[in-house]
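Close look at the chain arrangement
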Amino acid sequence: MTQTFAALGVSSAFLSALQDIGYKQPTPIQSKSVALLLDGHDLMGVAQTGTGKTAAFALPLLQRLDQANEPARPRQPKSLILAPTRELALQIHTELENFAKNTSLRSTVIFGGVGQNPQVRQLQKGVDVLVATPGRLLDLVGQGYVDLSMICVLVLDEADRLLDMGFIPDVKRIVQQTPKSRQSLLFSATMSKGVSQLARNMLRDPIRVDVSPKQPTVKKIDQRVIMVENPDKLEVLQTLLHDESLSRAIVFTRTKHGANKVAKKLCAAGVSADAIHGNKSQSARQRALADFKKGRTWVLVATDIAARGLDIEGVSHVINFELPHEPEGYVHRIGRTGRAGASGVAWSLVDPSEVSRLRAVEQLIRLALSRFDKALNKLDLEDTRRRTTQAATNQADSRREGGSSRKRHDRQRRNQRHAA
Ligand code: AMP
């Protein structure tokens, strides 16, 4: 397998950008696909977030546009990347800008939930690469602000998720508006019937690159199950958050309402937490994410869709407050920790009513997860009650002191973590 980006045919403008970002060697999906994509082949990539798939499609796409050296035209992007969520779209756009920084290529990102005018202005200035979520794109196409007839490279990222979220009719309408002569790429973490069908309709004689792990769970992640009834989950969660090895945690709930409730209760107990889910405004979501990335909060309570595809470094723990509806969701969730070779911990709090979901997860990952025994659980619960009472007392004190002591406590805790 080729070991350097230069040997894969990546040109000097991009090599120096990669050097600045710190990518020393191609990841397996990059080694397998970059040269073929530079040659113009279609591609079906089975790969999860975390494998380096963004650079695998973005580098050849940008390099081909750079070599063609044609000016960007108003309203007529030359390349389109469709992503299921705003967060993923933003993340891809940021990576494109990093890779293309030594070129004059222009990219922009459009998604719903925010005003369209700034997006329209960018499109009117002319862009080479457009990153979009399907709904807003169709909306702007309908209004005549985007014309897809000049698209020469089309990328569908996280196709399985686009399917799960009901975007496929939109995706099909979008694909129909692009020229048949385009180069097409489709990435998906899993290969369901729906994804295969989409691939058949969209791709021409594609190369298939599969970097899905044999066992879909990241092996390095230490996974445990704690059997606990729903009413006790919050207390157990707080105990877990006291773990010394925990530096930054994502807590998953099944519902938006649940995410708000858990975040609120954690904040009341003196934990700096925030919630991220689809009912929050785009700016609130971005703020929650930025605070978490910068360490201003260290617990992010999230629903599956909001957290999908997010690339956040240094998440030591993923805690499933509830198991997801679909067993595949478990794999996506725990993939938020243990990224880029680091090890991570995933705990799942499982109510007796969720046992059938747990079995489905274990079947999928072909692994029996170790369960915490109840006696230990009870001891921890006693300890939590004491700490929770203490936290409530501290909080009352801090309110009297104008809130400064809680902030100080949080800051001290963060500093300790960062020093460790
Ligand atoms: P992705 O699967 O594209 O979301 O990438 C996952 C993470 O791996 C991101 O943080 C990338 O910046 C990083 N990454 C991708 N390719 C490389 C590489 N060749 N060397 C080092 N890090 C990489």
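Residues numbered from 1 in each chain as written. Predicted model: local features only at pLDDT ≥ 70, side-chain atom pairs only at ≥ 80, totals over all residues. Heavy atoms only, no water.

1. Quick look at the sheet that holds strand 9 (residues 249-252)
- The strand order across the open sheet formed by seven strands is 10-11-9-12-13-8-14, and the pairing between neighbours is parallel. Edge strands, defined here as strands with exactly one partner in the open sheet, are strand 10 (273-276) and strand 14 (370-372). Sheet twist, expressed as the average angle between the axes of neighbouring strands with direction ignored, equals 25 degrees.
- In the sheet, strand 12 (residues 317-320) pairs with strand 13 (residues 344-350) via four bridges, with the strands oriented parallel. What sits directly across from Asn-320, in strand 13, is Ser-348.
- On top of the sheet, helix 10 (residues 233-241) reaches strand 8 (221-227), strand 9, strand 11 (299-302), strand 12 and strand 13; it is set at about 165 degrees to strand 13, its chief contact. (Pairing = 2+ DSSP bridges. Helix = DSSP H or I, 4+ residues; strand = E, 2+ residues; numbered from the N terminus. Axes fitted to C-alpha atoms, helices over the stretch in contact; angles between N-to-C directions. Contact = heavy atoms within 4.5 Å.)

2. As for the packing of aromatic side chains
- As enumerated under the stated definition, the model contains two aromatic pairs in all.
- On the numbers, 6.1 Å between centres and 70 degrees between planes, the contact of Tyr-23 with Phe-99 is edge-to-face. A residue pair is termed long-range when its members are at least 10 positions apart, and Tyr-23 in the loop between helix 1 (12-21) and helix 2 (28-38) and Phe-99 in helix 4 (residues 86-99) qualify at 76 residues.
- Here the aromatic rings of Phe-57 and Phe-187 are separated by 5.4 Å at their centres, their planes lie at 45 degrees, and the arrangement is tilted. (Phe/Tyr/Trp six-rings, centres within 6.5 Å; stacked < 30°, edge-to-face > 60°.)

3. Things to note about the side chain of Glu-354
- Mapped onto the fold, Glu-354 is located in the loop between strand 13 and helix 15 (355-365).
- Once you skip the residues sitting within four places of it in the chain, Glu-354 turns out to touch Asn-230, Lys-233, Arg-254, Glu-322, Leu-323 and Leu-349.

4. Considerations on the packing of helix 3 (residues 53-68) against helix 4
- Packing of helix 3 against helix 4 brings their axes to within 10 Å, and their N-to-C directions diverge by 50 degrees. Between helix 3 and helix 4, the angle falls in the class oblique. The element helix 3 and its partner helix 4 pack so that their crossing is right-handed. Contacts between helix 3 and helix 4 involve Thr-54, Ala-55, Phe-57, Ala-58, Leu-59 and Leu-62 from the first element and Ile-92, Glu-95, Leu-96 and Phe-99 from the second.
- When the residues that make up the contact of helix 3 with helix 4 are grouped by side-chain class, the tally is eight nonpolar, one polar and one charged. (Parallel < 35°, antiparallel > 145°, perpendicular 65-115°, else oblique. Left-handed = near helix turned anticlockwise from the far one by under 90°. Nonpolar A, V, L, I, M, F, W, Y, C, P; charged D, E, K, R; others polar.)

5. Some points on helix 1
- All of the buried residues along helix 1 are Phe-14, Ala-17 and Leu-18. Taken end-on, helix 1 shows its buried residues confined to a sector of 100 degrees, consistent with a single buried face. Turned more than 90 degrees off the buried face of helix 1, the exposed positions are Ser-12, Gln-19 and Asp-20.
- As for helix 1, its buried residues are in contact with helix 3 and helix 4.
- Positioned one or two residues after helix 1, Gly-22 has a phi angle of 95 degrees, which is positive. (Buried < 20%, exposed > 50% of the residue type's maximum accessible area, 1.4 Å probe, protein only. Arc of directions from axis to C-beta.)

6. A word on unusual backbone geometry
- The backbone phi angle of Asn-69 is positive, close to 50 degrees, even though this residue is not glycine.
- By secondary structure assignment, the location of Asn-69 is in the loop between helix 3 and strand 2 (79-82).
- Of note, the phi angle at Glu-158 is positive, near 50 degrees, even though the residue is not glycine.
- Among the structural elements, Glu-158 can be located in the loop between strand 5 (153-156) and helix 7 (159-164).
- On the basis of relative accessible area, Glu-158 is assigned to the buried category, the value being 2%.

7. Let's talk about the pattern of salt bridges
- Summed over the entire model, instances satisfying the criterion amount to 13 salt bridges.
- As a salt-bridge pair, Glu-87 and Arg-285 come within 2.7 Å of each other at their nearest N and O atoms. Within this pair, whereas Glu-87 is found in helix 4, its partner Arg-285 is found in helix 12 (residues 282-294), the two being separated by 198 residues in sequence.
- Residue classification places Glu-87 among the buried residues on the basis of a relative accessible area of 4%.
- Across the salt bridge formed by Asp-291 and Arg-296, the nearest N and O atoms sit 2.8 Å from each other.
- Of the residues examined, Arg-296 reaches a relative accessible area of 44% and is grouped as partly exposed.
- In this structure, a network of salt bridges that share partners links the residues Lys-53, Asp-157 and Glu-158. (Salt bridge = Lys/Arg side-chain N within 4 Å of Asp/Glu carboxyl O.)

8. What to know about the layout of surface pockets
- Considering only enclosed or pocket space, the second largest pocket measures out at about 720 Å³ in volume.
- Together, 36 residues line the second largest pocket, and Arg-161, Asp-164, Met-165, Asp-304 and Ile-305 are the ones closest to its centre.
- At the level of elements, helix 6 (134-142), helix 7, helix 13 (304-307) and helix 14 (327-334) are the ones that each hand at least two residues to the lining of the second largest pocket.
- Grouping the constituent residues of the lining of the second largest pocket by class yields 10 nonpolar, 12 polar and 14 charged.
- In terms of domain composition, the lining of the second largest pocket takes at least three residues from each of domain 1 (5-210) and domain 2 (221-376). (1 Å grid on protein atoms, 1.4 Å probe; cavity = no way out; pocket = protein on both sides within 12 Å on 5 of 7 lines; lining within 4 Å. Points joined across faces, edges and corners; volume = space filled by probe spheres on them. Domains from an automatic or database assignment.)

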